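Observations on chain architecture
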Amino acid sequence: MFTVVLRDITERRKAQEALKKEQLFVSNVLETAGALLVILDPQWQILRMNRLSEQLLQHSIASLQGKPFWHLWVSSGGEAEGVRQGVESFDAGKLSGSFESPIVDKDLQIRWIHWNTTAIYDEQHVVENFIATGLDVTARKQAEITLQQTYQREEGQQRELRSLAAQFCSPT
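Because the structure is a prediction, the values reported are computed rather than measured.

1. Concerning the confidence of the model for the protein
Here the protein averages 81 in pLDDT, and 80% of its residues register 70 or above. Per-element confidence in the protein ranges from a low mean pLDDT of 64 for helix 5 (residues 77–91) to a high of 92 for strand 2 (residues 46–49).

2. Some details on the nonpolar core
Within the largest apolar cluster, 18 residues are counted, with the highest numbers of intra-cluster contacts made by Val38, Leu40, Trp44, Phe69, Ile113, Trp115 and Ala132. For this core, the secondary-structure elements that each account for two or more residues are strand 1 (36–40), strand 2, helix 2 (51–57), helix 4 (69–72), strand 3 (98–104), strand 4 (110–121) and strand 5 (127–136).

3. Things to note about the pairing of strand 2
Examined bridge by bridge, strand 1 and strand 2 share three bridges and lie antiparallel to one another. If you follow leucine 40 over to strand 2, its bridge partner there is isoleucine 46. Hairpin connection from strand 1 to strand 2: five residues lie between these consecutive antiparallel strands, with tryptophan 44 at a positive phi of about 65°.

4. Concerning the packing of aromatic side chains
Scanning the entire structure with this criterion turns up three aromatic pairs. Geometrically, the ring pair formed by tryptophan 44 and phenylalanine 69 is tilted, given 6.1 Å between the ring centres and 50° between the ring planes. Of this pair, tryptophan 44 sits in the loop between strand 1 and strand 2 while phenylalanine 69 is found in helix 4, placing the two residues 25 residues apart along the sequence. Grouping residues by exposure puts tryptophan 44 and phenylalanine 69 together as buried. Note on phenylalanine 69 and tryptophan 115: the rings are 5.3 Å apart at their centroids and 75° apart in plane angle, and the pair reads as edge-to-face. With phenylalanine 69 in helix 4 and tryptophan 115 in strand 4, this pair connects stretches of sequence that are 46 residues apart.

5. Section: the environment of valine 29
Relative to the helices and strands, valine 29 resides in helix 1 (residues 2–32). Assessed through its relative accessible area of 43%, valine 29 is described here as partly exposed. When the C-alpha atoms of valine 29 and asparagine 50 are compared, they prove to be 9.4 Å apart, with 21 residues separating the residues in sequence.

Thresholds, definitions, all that
- Residues numbered from 1 in each chain as written.
- Predicted model: local features only at pLDDT ≥ 70, side-chain atom pairs only at ≥ 80, totals over all residues.
- Heavy atoms only, no water.
- pLDDT = per-residue confidence, 0-100.
- Helix = DSSP H or I, 4+ residues; strand = E, 2+ residues; numbered from the N terminus.
- Core = buried A, V, L, I, M, F, W, Y, C linked by side-chain atoms within 4.5 Å.
- Buried < 20%, exposed > 50% of the residue type's maximum accessible area, 1.4 Å probe, protein only.
- Pairing = 2+ DSSP bridges.
- Phe/Tyr/Trp six-rings, centres within 6.5 Å; stacked < 30°, edge-to-face > 60°.

In structure tokens form, the structure reads like this:
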């Protein structure tokens, strides 16, 4: 009997050590990832995020924990409502899992984030958590805006040139 108890304790200790090692590995991956990582509960409240998220947003996890995803990570009430509706549609299986959204950091700088979201399910296929990963695409978004402005300015100049050419070529 003593051998059985000792074996059970040894096996349990090995399992605990393996679990602790796995948790440390996952924690290290979370902290060193080159993307924003946010862990959310089934109601989309922030549970955890990685160091990069804290740095980009200039907020600690302590100040964000328990707050809704859509109220924190967007630049305006209208954007918040759009993200909230999109997130709620994810529950119904309609969200593509990928979207872009502006956020405002503590310095009131707008950052554009490309989000990918996925659900983690338990054995009964009930959502346990959501994971949102994000990439800062601000530079690309700024380039798109600059390109669009340049295109619009050139279109206006072309219209003006056509008008001048028509006036110059028309008989008086």
